Amino acid sequence: MRSGAAVELIALTKSYGRSVAVNRIDLRIPAGSYCCFLGPSGCGKTSTLRMIAGHEEVSDGDVLIGDTVVNDVPPAKRGTAMMFQSYALFPHLDCVENVAFSLKMRGVPKAQRRERARAMLETVHMGAYAGRLPSQLSGGQQQRVALARALITEPGVLLLDEPLSALDPFLRDRMREELKRLQTDLGITFIHVTHSQSEAMALADLVVVMNEGRIEQAAAPRDLYNAPRTAFVARFIGGHNVLTHDGLGPVALRTDRIALTDAAAPPPDGVFHVEGTVNAFEYHGSSVQLSLAVPGADEFTVVMDEARFFAAPLGVGARVRAAWRDGDVHRLQA
Ligand SMILES: Nc1ncnc2c1ncn2[C@@H]1O[C@H](COP(=O)(O)OP(=O)(O)OP(=O)(O)O)[C@@H](O)[C@H]1O
């Protein structure tokens, strides 16, 4: 198996007519890493992925795979493979034939390509289903076959466009683990497009948050969560309130770092605090999420450990004081 290749984007741009879908982005994805492109619908994630794959022409800038500029290299010669949102297996071919298909196109002899396809089906735990047609498989199983079909070409970079979005939540979590295991075992660079922040956080070594054709921030998940650079990133990854703090400008405040006390009690020393009213609460199992109406903030969310919440439950309409320490706010770019 070929080892992972680094991918570099330099001032990469994609325009469709006069609309700019990807706007001069620069990024280096280290070889053998798991990179997730994260962002809302229409921010340019898929266009970027398709330019890396060679399925979309670059309008300006460069795509490098390893040390080579691949702008004019055909998709099949880039050392990349793509796994699509719809698995697009050939319905009349069994699993082995589906997986072996690209080897057939490359002229690999039949016995050899079938053997390699069987081995790849074992890698994705589908060896027992080798002779089945796609219609005889569940969605999750079809996806494993699609993964085997992408991996059989021994790519240095595997590109995945929303690979988990068609699965039910239980299967999605299992496939998520499987993708991570495969990436770690094979050492291939994975570039995975998603609009799910939890998916990106769970999988990626490098999360690239995009907004309106630009990269807002590219960082390891924990760095992103602890130090979002902009209000957009703080809101999009969730778990933060965005506030305007006296003298500091916009700040992000972690929703799980806020203490609630009775508004009638005197405020504790050395903390920032606001008074508000409980608007709504949601039970999330290990935690409870409260929405407060607070002067000067559009939304203000507090996440509390469920045991602590139920020790002194707060109802809708309760007046509360929300308090946090200086160290729990993080300055954002204005
Ligand atoms: N072939 C095309 N022709 C014209 N505009 C396009 C084309 N493909 C994409 N766009 C536009 O480019 C922008 C970025 O699209 P892109 O598919 O890259 O976004 P995305 O972040 O992947 O979105 P989604 O999560 O909805 O798939 C969008 O405004 C989209 O409408």
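Residues numbered from 1 in each chain as written. Predicted model: local features only at pLDDT ≥ 70, side-chain atom pairs only at ≥ 80, totals over all residues. Heavy atoms only, no water.

The name an unreviewed UniProt entry gives the chain is Spermidine/putrescine transport system ATP-binding protein, with Azospirillum rugosum as the organism.

What to know about the pairing of strand 7 (residues 157-161)
Which entries qualify depends on this criterion: Between buried and exposed lies partly exposed: a residue is buried under 20% and exposed over 50% of the maximum accessible area for its type, with that area taken using a 1.4 Å probe on protein chains only. Counting from the N terminus, the helices are DSSP H or I runs at least four residues long and the strands are E runs at least two residues long. Strand pairing is defined by DSSP finding a minimum of two bridges between the two strands.
Within strand 7, five of the five residues are buried, which leaves it mostly tucked inside the rest of the structure. Judged by which residues are buried, strand 7 turns out to be covered on both faces: Val 157, Leu 159 and Asp 161 on one side and Leu 158 and Leu 160 on the other are all buried. The pairing of strand 6 (residues 80-83) with strand 7 spans four bridges and is parallel. Paired with Met 82 across the two strands is Leu 159, which belongs to strand 7.

Section: the packing of helix 2 (residues 95-105) against helix 4 (residues 139-151)
Spelled out, the test is: Orientation is described by axes fitted as lines to C-alpha atoms, over the contacting stretch for helices, and by angles from 0 to 180 degrees between their N-to-C directions. Any angle that is under 35 degrees is reported as roughly parallel, and any over 145 degrees as roughly antiparallel; angles of 65 to 115 degrees are reported as roughly perpendicular and all others as oblique. Note on convention: the crossing is left-handed when the near helix lies turned anticlockwise from the far helix by less than a right angle, right-handed when the turn is clockwise. Residues are treated as being in contact if the distance between any of their heavy atoms lies within 4.5 Å. Three categories are distinguished: nonpolar for Ala, Val, Leu, Ile, Met, Phe, Trp, Tyr, Cys and Pro, charged for Asp, Glu, Lys and Arg, and polar for the others, with Gly belonging to the last.
One way to put it is that helix 2 packs onto helix 4 with a least axis distance of 7 Å and a crossing angle of 30°. Taken together, the axes of helix 2 and helix 4 lie roughly parallel to each other. Our pair here, helix 2 against helix 4, has a crossing hand that is right-handed. In this structure, helix 2 contributes Cys 95, Asn 98 and Val 99 to the contact, and helix 4 contributes Val 145, Ala 148 and Arg 149. Grouping the constituent residues of the contact of helix 2 with helix 4 by class yields four nonpolar, one polar and one charged.

Overview of the site of the ligand
Our working definition: Put simply, a residue is near a molecule or strand once any heavy atom of it comes within 4 Å of that molecule or strand. In protein, a polar contact requires one atom able to donate a hydrogen and another able to accept it; more generally it is a pair of N or O atoms within 3.5 Å, and residues adjacent in sequence count only if both atoms are side-chain atoms. For the area figures, the Shrake-Rupley method with a 1.4 Å probe applies, and any residue is considered shielded solely by the protein chains shown.
Close to the ligand lie Tyr 16, Ala 21, Pro 40, Ser 41, Gly 42, Cys 43, Gly 44, Lys 45, Thr 46 and Ser 47, which account for all nearby residues. The side chain of Ser 41 places a nitrogen or oxygen atom 2.6 Å from an oxygen atom of the ligand. At 3.0 Å, a backbone N or O of Cys 43 approaches an oxygen atom of the ligand. Protein coverage of the free-state accessible area of the ligand, which is 640 Å², stands at 56%. Here the shell around the ligand takes three residues from helix 1 (residues 45-53), the largest share from any one element. Looking at the shell around the ligand, its residues break down into four nonpolar, five polar and one charged.

Details of the layout of surface pockets
Stated precisely, the cut-off is as follows: In the cavity and pocket records, a cavity denotes points on a 1 Å grid over the protein atoms alone where a 1.4 Å probe fits but cannot get out, a pocket denotes an open set with protein on both sides within 12 Å along at least 5 of 7 lines, and lining residues are residues with an atom within 4 Å of a point. Grid points are joined across faces, edges and corners, and a volume is the space filled by probe spheres set on the points.
Here the largest pocket defines a volume of roughly 630 Å³. Around the largest pocket sit 26 residues that line it, and Ala 81, Met 82, Ser 102, Arg 149 and Thr 153 are the ones nearest its centre. Listed by contribution, the elements that provide at least two residues to the lining of the largest pocket are strand 6, helix 2 and helix 4. Along the lines of polarity and charge, the residues of the lining of the largest pocket split into 15 nonpolar, six polar and five charged. Volume-wise, the second largest pocket comes out at about 310 Å³. In terms of lining, the second largest pocket is formed by 16 residues, of which the most central are Arg 235, His 240, Asn 241, Val 242 and Glu 299. Of all elements in the fold, only strand 11 (240-245) and strand 16 (297-305) reach the threshold of two or more residues within the lining of the second largest pocket. In terms of residue class, the lining of the second largest pocket is built from four nonpolar, nine polar and three charged.

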